[in-house]
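Remarks on the overall topology
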Amino acid sequence: MIAARFGLDGSAWTLVTRFLGGLFDGRFDSLDCAVYAAIFLGVTCGALGSFIVLRRQSLLGDAIGHSVLPGVCLGFLAAGGRSIPVLLLGALVSGLLSALLIAVLQRTTKLKTGECMGLVFTGFYGLGIVLLKIVQRQSLPGSSGLDKLILGGQIAAISLLDTLLIGAVMLAALTMIVIFWRPLSVSSFDEEFAQGLGIPVQWIHYLLMVLLTVAIVISIQAVGVVLVSAMLVIPAATGYLLTDRLKRMVILSAFFGALGGVTGAFFSYLDKDAPSGAFMVLAAALLFGLAFFLAPRHGLLPRLKRRYDQRQRTAAENLLRTLYIMREHRGGTADMRFGVDDVAAMRHETPAMIHRLRRIAARRAWVERDSPDPIILTEGGLEEARRIVRNHRLWELFLTQEANLASDHVHADAEYIEHVLPKDVLRKLEQMLDRPTADPHGRPIPGGAA
Amino acid sequence: MTLPHPAFSIHHSAFPLGSLLTPWTPTSLEVYWPMILQGILVSVALGLIGCFLVVRGLSLLGDALSHSVLPGIVLGFLVSGSLSSPLILVGATIMGLLAGVLVHSVHHHSRVKEDASLGIVFTTLFALGVVMINRYAGQADLDPGCVLYGNIEHFIVNVNARWVPAAPGHERYTFDPRPLLPMALILLTIVVLLVVFYRQLLVTTFDRAMAISLGINATLIHYGLLTMLSLTVVASFEAVGAVLAVALLIMPGATARLWTDRMGRMLFIAAGHAILSTLFGYWLAHRSVVDTSAAGAITVAGFALFLLSWLFAPRTGLLTTARQRRRLSAVIDSENLVKAIEELKDDATFDNLAKSLNESPKALRRRLNDGIRRGWFKLDAQQRVHLTDAGRAESARLTRAHDLWEQYLQQDLGLPPDHVHDAAEWIEHHLSKDKLAHLAEHLQKPPSP
């Protein structure tokens, strides 16, 4: 299907193998340039992006990205053609200028950060469009490719020199990150704390701004000015979903940036005119989508599953508590059988609901699996029931004794906490309450192993 | 969409590029008015909505929205096959609202913060649109340039079809206003909605809790605003493109914000800013020496107007406040000089004053001249400085202000006597006549010395 779209023969798999074959054929050609450039800029943007995502300044990348346009056009006019170093220099100057102007406006007006960014980058971008039209009217050599520089980038057009330049920038950026690791990371998490440690927060901010601008400038050729911010934000946000440690986040973000970059290079290899930046962004977005749903700790589906499990467990534990109390009423006999109708009456629920709860408890082997009615509590189930009741009554006692609540006000709270009380807290409660034996209603607190 | 088009040939032949600035003439107005009118409609509509985005702190949502509508536009275009089909409006509005929902759900259902969520959603949707254009641009006449910077010149091309000679030898343009109609309708809707729901908009913007207690549905108002925003952005897309639409959204509101604190005035100033930058932008793009994209030039003009306001706006302008501060410090310096002369009595020579105020001769000379101009003191034959009656009155006022404030701090705030001098030294320059009278009354002193 992909092949048909791009007017090539062969299945997607042969395309990939051809791409890889071209990459590892021992010759260093334009394909290798594009792929290496993509990896380098992906790593640079991903690593630096981690910091701006943490600092909640994700849109700064967008602002600087748009703002480089007038510099690019002026560079084009000054060089009288497409001379990459001059373009990059122009871009660098106007990018830094916009960052500075944003900072000044923030300080001197009552406008919010968002407005300051929006004002500056659209103003710069408008100027860029004005200049762009002038460039195009002059019909200088290579000016037709300028549109590409803006909208989607074109990584296929990257030369060996550009690749080396991007590689050098990557090395420089990574070196800076390593050297300034401590101030960068501390000030990203807690600016005031960093200030208290004597870290020059303002200078660190400027350093990051300069690094960002450089990263954006080297990326515009491959990604385009409108989309360059995505390469900063999306891989970093993906890393953010996958880990809680900054070091790992930076490494993961760099990896995802490189992965997105190579995907863009692949599509650019299939079709030289394809907007490689758009493909990079879509690939990175796909990875983000996967992490958004599947990330083990912070992903949507694992979180939903955890919540579901917790609800099920709570439901089963509530059943156990009821059974334990019924057993208490009988005088704690060894008879572990409970009629479903009796349980339903006790819990003010329908027998169907009790059956549902029984199945959930049976899955945990707390009640006998093949006895729908009566429900038969197992040894393990009794142990568990004792623990729950113990949690409940200890907490009620704690609330009446230590928090001075009336004994008829504590049940609802204990009902909730009995399911989530950790062991060490329990131990502390016991010590605090002098190993009690009766709850505020005068019912015994079952002894536990703890 | 390049323009091999009479309007431009007239322009170039009648006013060659060499002549630097060419003013508007009846002929040029005749050619350009549809473009100008469209520009004004677009920028006023965006500017009015933008005011609410600016005060609600949502301006970057406008940015995100205007990028996100791209796939909707391409989709509508591919289905209908025409850029003027209403399907485009529908597709893009849906896409805009979808983007709003996506941004909300990404940062609501994960640990990703709102700014990153904005950045992810709109770039992804925009990239999708770019890829769609790239894939299908061959099959359809869809101009990627339009996405970048719009093409408001298109409006002359449209009306040009009806370019007819009115009389032999005297060619006139007759225009069909229909292409302007959608934007005019949208602007009208915005104005009507603004007038009808002004109170609700105002209350939900500034005090959401109060709005809810008044029974106003704040969420409904919010999404209504977003819908109008998407509609307007899409309708103006063809004229100004994605990014410049953002410019026209933010700039008028932000500029007006510098001029006033009142919402009603802000709306009018924003509309004025929008109109001015449109006119100036057109002039820049087509009547001055630079012949360039009108949409880009409008943005540049709008930004220039903002920067001017930033420097010169009354009360908040950078230079205005700097001048006020300088004037105030000059007054304070002169007043301190009055006190120094009063203290030194007959020894108030130039050198003594310089010593007592710890001041360079040059600065002191300037201050003395300033005070003489105010009529506060005069020089005698020995170059000693004496206070005039006015100067003595001034000195008495300062002393009185100083004393009253010291007493106030001691009596009402219970500060120890050695802690009040510095504060009084500073505030004596800032207490107005009313405040002094009030203070005297409060401390049960006679109203005047």
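Please read these numbers as outputs of a predicted model, since none were measured by experiment.

**Points about the overall build of chain A**
Counting secondary structure elements, chain A contains 21 helices and two strands. Taken over the C-alpha trace, chain A has a radius of gyration of 32 Å; the compact-globule value for 450 residues is 22 Å, which it surpasses by more than 25%. Overall, the C-alpha framework of chain A stretches about 100 × 60 × 35 Å when taken along its three principal axes. Out of the 450 residues belonging to chain A, those deemed buried represent 55%. A sequence separation of at least 24 residues applies to 69% of the contacts in chain A between residues at least 6 apart.

**Digging into the packing of helix α4 (residues 58-67) of chain A against helix α12 (residues 201-223) of chain A**
Residues and elements named next belong to chain A. Two elements in contact, α4 and α12, have axes whose closest approach is 10 Å; the angle formed by their N-to-C orientations is 55°. On the basis of their axis angle, the class for α4 and α12 is oblique. The way α4 lies across α12 gives a crossing that is right-handed. On α12, the residues touching Leu60, Gly61, Ile64 and Gly65 of α4 are Met209, Leu212, Thr213 and Ile216. Residues belonging to the contact of α4 with α12 are distributed by class as follows: five nonpolar, three polar and no charged.

**Details of the environment of isoleucine 190 of chain B**
Relative to the elements of secondary structure, isoleucine 190 of chain B occurs in helix α8 (residues 181-196). Among the residues examined, isoleucine 190 of chain B registers a relative accessible area of 4% and is labelled buried.

**Here we look at the packing of α4 of chain A against helix α5 (residues 114-136) of chain B**
Axis separation between α4 of chain A and α5 of chain B bottoms out at 7 Å; the angle between their running directions is 50°. On the basis of the axis angle, α4 of chain A is oblique to α5 of chain B. Touching Ser58, Leu59 and Asp62 of chain A of α4 of chain A are Asp115, Ala116, Leu118, Gly119 and Phe122 of chain B, all from α5 of chain B. Residue composition of the contact of α4 of chain A with α5 of chain B, grouped by class: four nonpolar, two polar and two charged.

**Looking at the interface of chain A and chain B**
One frequently used descriptor of interface size is the decrease in accessible area upon assembly of the parts. At the junction of the two partners, chain A supplies 64 residues and chain B supplies 59 residues. Put simply, chain A and chain B have two salt bridges between them. Going through the elements one at a time, α4, α6 (84-108), α7 (113-138), α8 (146-151), α13 (228-242), α15 (276-294) and α16 (300-329) of chain A are the ones with two or more residues in the side of chain A that touches chain B. Top element by residues in the side of chain A that touches chain B is α7 of chain A. It accounts for 19 residues.

**Some details on the pattern of salt bridges**
Residue and element names in this part refer to chain A. According to the stated counting rule, one finds 26 salt bridges over all chains in the structure shown. Close ionic contact of arginine 313 with glutamate 317 constitutes a salt bridge, the shortest N to O distance being 2.9 Å. Pair noted here: arginine 313 and glutamate 317 are both in helix α16, with a separation of four residues, about one helical turn. Residue glutamate 317 is classed as buried on the basis of its relative accessible area of 1%. Glutamate 383 is the partner of arginine 386 in a salt bridge, and the nearest nitrogen-oxygen pair spans 3.5 Å. One end of the pair, arginine 386, and the other, glutamate 383, are both in helix α19 (residues 379-401), three residues apart, so they sit about a helical turn from each other. Residue class for arginine 386 comes out partly exposed when judged on its relative accessible area of 24%. One continuous salt-bridge network, built from bridges that share partners, spans Glu328, Arg393, Glu396, Asp439 and Arg443.

**Digging into the nonpolar core**
Membership of the largest hydrophobic core comes to 200 residues, with the highest contact counts inside it found for Tyr125 and Phe288 of chain A. Counting 24 residues, the second-largest nonpolar core is a separate cluster that includes Leu319, Phe338, Val367 and Leu377 of chain A.

**Details of the confidence of the model for chain B**
All names here are of chain B. Confidence in the prediction for chain B averages 79 pLDDT; 81% of positions are at 70 or higher. Long-range and interchain partners of residues 157-167, a stretch whose pLDDT sits below 50, account for 21 contacts in this model, where long-range means more than four residues apart. Interface confidence for the predicted complex, given as ipTM, is 0.83, next to a pTM of 0.78.

**Here's the deal with helix α9 (residues 160-179) of chain A**
All names here are of chain A. Relative to the 28 Å expected for 20 residues at 1.5 Å per residue, α9 spans 29 Å between its end C-alpha atoms, a close match to the ideal helical length. Those residues of α9 that fall on the buried side of the exposure criterion are Asp162, Thr163, Ile166, Gly167, Val169, Met170, Ala173 and Ile177. Here the buried residues of α9 occupy an arc of 160° about the axis, which is enough to place them on one side. When the buried face of α9 is taken as reference, the exposed residues oriented beyond 90 degrees from it are Leu161, Leu164, Leu171, Val178 and Ile179. Buried residues along α9 sit in contact with α3 (30-54), α6, α10 (181-189) and α12.

**Notes on the environment of methionine 209 of chain A**
Assignment of secondary structure puts methionine 209 of chain A in helix α12. With residues near it in sequence (within four places) discarded, methionine 209 of chain A still touches Leu60 and Ala99 of chain A.

**What to know about the side chain of serine 219 of chain A**
Residue placement: serine 219 of chain A occurs in helix α12. Setting aside residues up to four positions removed in sequence, serine 219 of chain A forms contacts with Leu41, Cys45, Gly224 and Val228 of chain A.

**As for unusual backbone geometry**
Of note, the bond from aspartate 373 of chain A into proline 374 of chain A is cis; its omega dihedral lies within 30 degrees of zero at 0°. Inspection of the secondary structure assignment puts proline 374 of chain A in the loop between α18 (351-363) and β2 (375-376). A positive phi angle, close to 55°, is found at asparagine 404 of chain A, a residue other than glycine. When you line up the elements, asparagine 404 of chain A lands in the loop between α19 and α20 (411-417). One non-glycine residue, arginine 315 of chain B, lies in positive phi territory at about 75°.

So, how was this worked out
- Residues numbered from 1 in each chain as written.
- Chains lettered and ligands numbered in written order.
- Predicted model: local features only at pLDDT ≥ 70, side-chain atom pairs only at ≥ 80, totals over all residues.
- Heavy atoms only, no water.
- Helix = DSSP H or I, 4+ residues; strand = E, 2+ residues; numbered from the N terminus.
- Rg over C-alpha atoms; globule rule 2.2 N^0.38 Å.
- Buried < 20%, exposed > 50% of the residue type's maximum accessible area, 1.4 Å probe, protein only.
- Contact = heavy atoms within 4.5 Å.
- Axes fitted to C-alpha atoms, helices over the stretch in contact; angles between N-to-C directions.
- Parallel < 35°, antiparallel > 145°, perpendicular 65-115°, else oblique.
- Left-handed = near helix turned anticlockwise from the far one by under 90°.
- Nonpolar A, V, L, I, M, F, W, Y, C, P; charged D, E, K, R; others polar.
- Salt bridge = Lys/Arg side-chain N within 4 Å of Asp/Glu carboxyl O.
- Core = buried A, V, L, I, M, F, W, Y, C linked by side-chain atoms within 4.5 Å.
- pLDDT = per-residue confidence, 0-100.
- Expected span 1.5 Å × (residues − 1).
- Arc of directions from axis to C-beta.

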